[in-house]
Amino acid sequence: MVSESPSSPGFRAGDLLALSPAERRVLQWLMRQGSASAREVAERFEMPEEEAGIRLDALEKQGFVVTETAAGPTSYRPEFGHSRPARKPPSGIWGKLEGS
Amino acid sequence: MGKIISVHSFRGGTGKSNVTANLAALLARLGKRVGIVDTDIQSPGIHVLFNLSPERFRYALNDYLWGKCRIEEAAYDVSGVLEGRRLKDAGSLHLIPGSMRTGEITRILRDGYDVGLLNSGFQELMERLELTHLLIDTHPGVNEETLLSIAISDILLLILRPDQQDYQGTAITVELARQLEVEQTFMLVNKAINPRDFTALKQRVESTYHVPVLGVLPLSGDVAILGSGDIFALANPDHPVTSVLEAAAQRIDAA
Ligand SMILES: Nc1ncnc2c1ncn2[C@@H]1O[C@H](COP(=O)(O)OP(=O)(O)OP(=O)(O)O)[C@@H](O)[C@H]1O
Ligand SMILES: [Mg+2]
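Residues numbered from 1 in each chain as written. Chains lettered and ligands numbered in written order. Predicted model: local features only at pLDDT ≥ 70, side-chain atom pairs only at ≥ 80, totals over all residues. Heavy atoms only, no water.

- As annotated in an unreviewed UniProt entry, chain B carries the name ParA family protein and comes from Methylococcus capsulatus.

And the structure:
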């Protein structure tokens, strides 16, 4: 499942609910960790590293994680979508409020 | 690693901010290092219970979200509320308030903010202040911040009143917590009317949602009169409301 607007990459909270449980668990764990390598994911979820890699790749394809290869093994970190205002109020209202 | 506890309710005015402040203080009284974040950016307020006036905070959560400060710079040591209240070995309390400036609240609504920053702020705060517990006071209902805070929580505490609208709404939140596989969900019933019915009420709620109820708090004139002006359990150590809150804090600490 891909975020609706291509101009805002990353996942929204609702995307979490649409993921398969296996991918969601990895993403939720990454949210707490900040970032992790495929090996660390494999250790946490007690699965072969290859399988962890498959899940991380699937998340990357959806734009929900990004990779960093600066030092050592590739690490994956969650890519959050930007929170947007839920409603568009009448134009000009922000200027008036902020001017007050 | 510390525990993240989100305090939430589907509907507003259930007592989330009061319960959050009281549980935080009671956990600190058990010697814990406790952080509290007001993620209710649209209608912040928990700072009032800690007697932290908006003139006294230079930075709020909003400033951190706009990259104006580090998360710990927006954290105020409010352990002062514990002082002079027959406590030895108390821990500490650190509050991140929401901004009370009109322009800053509207700016968040207009521009949004980087949700990733909010998430890493929670993690950094726990690390840098060596917190044992981080309590997140939320805006009612299901929205982006709430879902994310539920998704990263070790414990979700749902507050509900004995009210048909609360009952229906709580079912939705419980379902979301199940889908997100939150490790531990608890409930607390607040503003209950008939003390003779409390045990039955607790059992009814538990068997409806299959979630443990930490306690049933009465609709209390004493709580209402205090009007969020102080932390009830600290101001009234021998009150029956305080015993229920203490038992809840102990369950959370043991979880
Ligand atoms: N057990 C109680 N008995 C009487 N009054 C209570 C009780 N619990 C909370 N209140 C009162 O209810 C009001 C709402 O409480 P509080 O602000 O904690 O709720 P909330 O869920 O955080 O609200 P919001 O959804 O707006 O954030 C306050 O005036 C508070 O003093
Ligand atoms: Mg509140």
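**Some words on the overall build of chain A**
And then number 1: Within chain A one finds five helices and four strands.
And then number 2: Ordered by position from the N terminus, the helices and strands of chain A form the series α-α-β-α-α-β-β-β-α.
And then number 3: If you take every contact in chain A between residues at least 6 apart in sequence, the share linking residues at least 24 apart comes to 50%. (Helix = DSSP H or I, 4+ residues; strand = E, 2+ residues; numbered from the N terminus. Contact = heavy atoms within 4.5 Å.)

**Quick word on the side chain of His8(B)**
Residue and element names in this part refer to chain B.
And then number 1: One can find His-8 in strand E1 (residues 3-8).
And then number 2: A residue is classified by how much of its surface remains accessible, and His-8, at 0% relative accessible area, is buried.
And then number 3: Of the polar contacts made by the side chain of His-8, one reaches the backbone oxygen of Gly-141; its length is 3.1 Å.
And then number 4: Apart from the residues lying within four places of it in its own chain, the contact partners of His-8 are Lys-16, Thr-138, His-139, Pro-140, Gly-141, Thr-146, Leu-156, Leu-157, Leu-158, Ile-159 and Thr-173. (Buried < 20%, exposed > 50% of the residue type's maximum accessible area, 1.4 Å probe, protein only. Polar contact = N/O pair within 3.5 Å; in protein donor to acceptor, adjacent residues only side chain to side chain.)

**Examining the sheet that holds strand E1 (residues 36-37) of chain A**
Residues and elements named next belong to chain A.
And then number 1: The antiparallel open sheet is built from three strands, whose spatial order is E1-E3-E2. Edge positions in the sheet fall to E1 and strand E2 (65-68), since each of these pairs with one other strand and no more.
And then number 2: One ladder, built from four bridges, connects E2 with strand E3 (residues 75-78); its direction is antiparallel. In the sheet register, Thr-67 faces E3, and the bridge partner there is Tyr-76.
And then number 3: Here helix H2 (residues 21-33) sits on the sheet and contacts E1, E2 and E3; the angle it forms with E3, its principal contact strand, is near 90°. (Pairing = 2+ DSSP bridges. Axes fitted to C-alpha atoms, helices over the stretch in contact; angles between N-to-C directions.)

**As for the nonpolar core**
And then number 1: In terms of nonpolar packing, the biggest core is built from 109 residues, with Leu30(A), Phe50(B), Leu93(B), Leu125(B), Leu157(B), Met187(B) and Ile252(B) touching the most fellow members.
And then number 2: Of all the elements, helix H1 (residues 16-29) of chain B adds the most residues to this core, at eight residues.
And then number 3: Leave out the neighbours within four places in its chain, and Phe50(B) touches Ala21(B), Ile36(B), Val78(B), Val81(B), Leu93(B), Leu95(B) and Ile231(B). (Core = buried A, V, L, I, M, F, W, Y, C linked by side-chain atoms within 4.5 Å.)

**Let's talk about helix H4 (residues 49-61) of chain A**
Residues and elements named next belong to chain A.
And then number 1: For H4, built from 13 residues, the straight-helix expectation of 18 Å at 1.5 Å per residue is met to within 8% by its first-to-last C-alpha distance of 18 Å.
And then number 2: Among the residues making up H4, those that are buried are Ala-52, Gly-53, Arg-55, Leu-56 and Leu-59. The buried residues of H4 all sit within an arc of 165° when viewed along its axis, so they share a single face. More than 90 degrees from the buried face of H4, the exposed residues found are Glu-50, Ile-54 and Lys-61. (Expected span 1.5 Å × (residues − 1). Arc of directions from axis to C-beta.)

**Details of helix H5 (residues 144-151) of chain B**
Residue and element names in this part refer to chain B.
And then number 1: Taken across its eight residues, H5 has eight buried, putting it largely inside the fold.
And then number 2: Among all positions in H5, only Glu-144, Glu-145, Thr-146, Leu-147, Leu-148, Ser-149, Ile-150 and Ala-151 are buried.
And then number 3: Measuring from the side-chain oxygen of the N-cap residue of H5 to the backbone nitrogen of Glu-145 gives 3.2 Å; that N-cap residue is Asn-143.

**Looking at the confidence of the model for chain B**
And then number 1: Summarising the model, chain B shows a mean pLDDT of 94, and 98% of its residues fall at 70 or more.
And then number 2: Scoring the predicted complex yields pTM 0.92 and, for the interface, ipTM 0.90. (pLDDT = per-residue confidence, 0-100.)

**Re empty space enclosed by the protein**
And then number 1: For the structure shown, the criterion picks out one cavity of 30 Å³ or more.
And then number 2: Space inside the largest cavity adds up to approximately 60 Å³.
And then number 3: Every residue lining the largest cavity is listed: Phe80(A), Val115(B), Leu118(B), Asn119(B), Phe122(B), Glu145(B), Leu148(B), Ser149(B) and Ile152(B).
And then number 4: Counting only elements with at least two residues in the lining of the largest cavity, the list comes to helix H4 (115-128) and H5 of chain B.
And then number 5: Take the lining of the largest cavity: its biggest share by element is four residues, from H4(B).
And then number 6: Of the residues that constitute the lining of the largest cavity, the class distribution is six nonpolar, two polar and one charged. (1 Å grid on protein atoms, 1.4 Å probe; cavity = no way out; pocket = protein on both sides within 12 Å on 5 of 7 lines; lining within 4 Å. Points joined across faces, edges and corners; volume = space filled by probe spheres on them. Nonpolar A, V, L, I, M, F, W, Y, C, P; charged D, E, K, R; others polar.)

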